[in-house]
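One-letter residues, chain by chain:
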Amino acid sequence: MTDASDSLSPSSYDLIPQPPSGFKSGFVGIIGRPNVGKSTIMNQLVGQKIAITSPIAQTTRNRLRGILTTAEAQFIFVDTPGIHKPHHQLGKVLVENAKLAVRSVDVVLFVVDCATEAGGGDRYIAEFLSSSDLPVIIGLNKADLQPEEYNRLDRTYQELADARGWPVVKFSAKTTEGFEQLQATLRDRLEEGPYYYPPDLVTDQPERFIMGELIREQILLLTREEVPHSVAVEIERVQESDDITRVFAAINVERDSQKGILIGKKGSMLKTIGTAAREQMQKLIMGQVYLELFVKVRSKWRQSPSRLSQFGYKVSQD
Ligand SMILES: Nc1nc2c(ncn2[C@@H]2O[C@H](COP(=O)(O)OP(=O)(O)OP(=O)(O)O)[C@@H](O)[C@H]2O)c(=O)[nH]1
């Protein structure tokens, strides 16, 4: 995998080639309610897992860029946390970041789940997007889950789109059916432009960040109830040698009871999380990984601006 940390030294900027004439490029914000499939769409479009996904709503916490370069265009997808009614400081920061992301993109892909009808959350986002002058495309995702007779649900989204003159594209991020149409519709709305990133780059995030996310993903998948949302992973140290990469990571939780759940009987849960995350990391770096996990209790970290910032969650304007 190629990421920004090893590719974007000043000298590699010099190596970015000139695009052919008529080449288009730009930033595409992927916006929508939690759990509609935004991160899955980005991973599938760029062809690599750079954003973690899970059936639990509010998986994505950071704005993450995924880059797809074709012969005709470069799309820089900006994955954002799902927009929802926030219940705590962390939630507020996430929603704020998603809204800010819209200000710095050229086109918005507004993703909805077409297996359910348009609801208040979708209408809220549509209103918010209408207040900007950006081109918006409504993406009806999860088409594979929609039984034939439920096509009528599409009308609820079509109404949102028609009222604002937005095009609608239907697809499945799971099967990638409809993706060609999606790419073509997005490309039509981009302006001619340069390569913003080298053509072989798939993300602007350093591997270290993605490693932390891969640990968080296993916690989301393996633990229940309040634990997943109370976790922040910090990669404390990465030691690279010729044959193995050693990663030391802290899993921060808010309460002793959560620490107990994460560690499990005789350390069994932490071991399961570690083994699964290590396998994913090995795919990421294409080499051997040794992973050591620690669990720390940081009371009420989701309410603390300094802890939020320490764990990488801050409202950012870029
Ligand atoms: N069947 C099916 N499942 C999908 C599709 N797209 C995403 N999913 C599943 O939907 C769940 C949520 O996907 P994510 O990509 O994490 O959703 P998200 O919108 O990024 O979620 P947040 O980070 O919570 O905002 C996961 O279990 C995905 O596997 C699809 O096209 N079809």
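Predicted model, so just to flag it, every value in this text is computed and none were measured.

S.K.: Lay out the overall build of the protein chain in plain terms, naming residues and giving numbers.
M.R.: When helices and strands are tallied, the protein chain shows 11 helices and 9 strands. Evaluated residue by residue, the protein chain yields a buried proportion of 50% over its 318 residues. Within the protein chain, contacts between residues at least 6 apart in sequence are counted, and of these 73% link residues at least 24 apart. Counting every atom, the protein chain has about 15000 Å² of accessible surface; 47% of that belongs to carbon and sulfur.

S.K.: Summarise the sheet that holds strand β8 (residues 245–253); cite the residues concerned and give the values.
M.R.: Read across the open sheet, the 3 strands follow the order β7-β8-β9; overall the sheet is mixed. Every other strand in the sheet has two partners, leaving β7 (232–240) and β9 (289–297) as the edge strands with one partner each. Going from strand to strand, the sheet's axes swing by 20° on average, the running direction of each strand aside. Inspection of the sheet shows β8 paired to β9 by 9 bridges, in the parallel sense.

S.K.: Explain the side chain of Asp 122 to me, using residue names and the numbers behind them.
M.R.: In this structure, Asp 122 sits in helix α5 (residues 120–130). For Asp 122, a relative accessible area of 0% corresponds to the buried category. With sequence-adjacent residues up to four places away left out, Asp 122 is seen in contact with Arg 33, Phe 110, Val 112, Glu 117, Tyr 157 and Leu 160.

S.K.: Requested: an account of the environment of Phe 23, with residues and values cited.
M.R.: In this structure, Phe 23 sits in the loop between α2 (10–14) and β1 (24–32). When residues no more than four places from it in sequence are discounted, the contact partners of Phe 23 are Thr 69, Thr 70, Ala 71, Glu 72, Ala 73, Gln 74, Glu 192, Gly 193, Pro 194 and Tyr 195.

S.K.: Pulling in residues and values, what's your account of the environment of Lys 92?
M.R.: Following the sequence through the fold, Lys 92 ends up in helix α4 (residues 89–103). Assessed through its relative accessible area of 48%, Lys 92 is described here as partly exposed. Taking the C-alpha atoms as reference points, Lys 92 and Tyr 290, separated by 198 residues in sequence, lie 35 Å from one another.

S.K.: Run through α5, naming residues and quoting values.
M.R.: Among all positions of α5, only Asp 122, Ile 125, Ala 126 and Leu 129 are buried. Take α5 and look down its axis: the buried residues cluster within an arc of 105°, on one side only. Against β1, α4, β4 (107–113), β5 (136–141) and α6 (152–162) lie the buried residues of α5.

S.K.: Quick rundown of α4? Include the residues and the values.
M.R.: The terminal C-alpha atoms of α4, which comprises 15 residues, lie 22 Å apart, in line with the 21 Å expected from a rise of 1.5 Å per residue. The set of residues buried in α4 consists of Leu 90, Gly 91, Val 93, Leu 94, Val 95, Asn 97, Ala 98, Leu 100, Ala 101 and Val 102. Residues of α4 that are buried in the fold lie against β1, β3 (73–79), β4, α5 and α11 (305–310).

S.K.: Please set out the pairing of β5 residue by residue, giving values where relevant.
M.R.: In terms of burial, β5 is largely enclosed, as 6 of its 6 residues are buried. Along β5, one buried face is formed by Val 136, Ile 138 and Leu 140 and the opposite face, lined by Ile 137, Gly 139 and Asn 141, is buried too. Here β4 pairs with β5 via 6 bridges, running parallel. The residue bridging Val 112 from the neighbouring strand is Leu 140, located in β5. For the handedness criterion, the β-α-β arrangement of β4, α5 and β5 is classed as right-handed. Note that β5 and strand β6 (residues 168–170) share 3 bridges and pair parallel. Its bridge partner lying in β6, Leu 140 is registered against Lys 170.

S.K.: How would you sum up the pairing of strand β2 (residues 64–69)? Please name residues and give values.
M.R.: Relative to β3, β2 runs antiparallel, the two sharing 6 bridges. Opposite Gly 66, over in β3, you have Phe 77 as the bridge partner. Connecting β2 to the antiparallel partner β3 that follows it, the hairpin turn spans 3 residues.

Rules used throughout
- Residues numbered from 1 in each chain as written.
- Predicted model: local features only at pLDDT ≥ 70, side-chain atom pairs only at ≥ 80, totals over all residues.
- Heavy atoms only, no water.
- Helix = DSSP H or I, 4+ residues; strand = E, 2+ residues; numbered from the N terminus.
- Buried < 20%, exposed > 50% of the residue type's maximum accessible area, 1.4 Å probe, protein only.
- Contact = heavy atoms within 4.5 Å.
- Areas by Shrake-Rupley, 256 points an atom, 1.4 Å probe, with all protein chains shown as cover.
- Pairing = 2+ DSSP bridges.
- Axes fitted to C-alpha atoms, helices over the stretch in contact; angles between N-to-C directions.
- Arc of directions from axis to C-beta.
- Expected span 1.5 Å × (residues − 1).
- Right-handed = clockwise from strand over helix to strand, strands pointing away.

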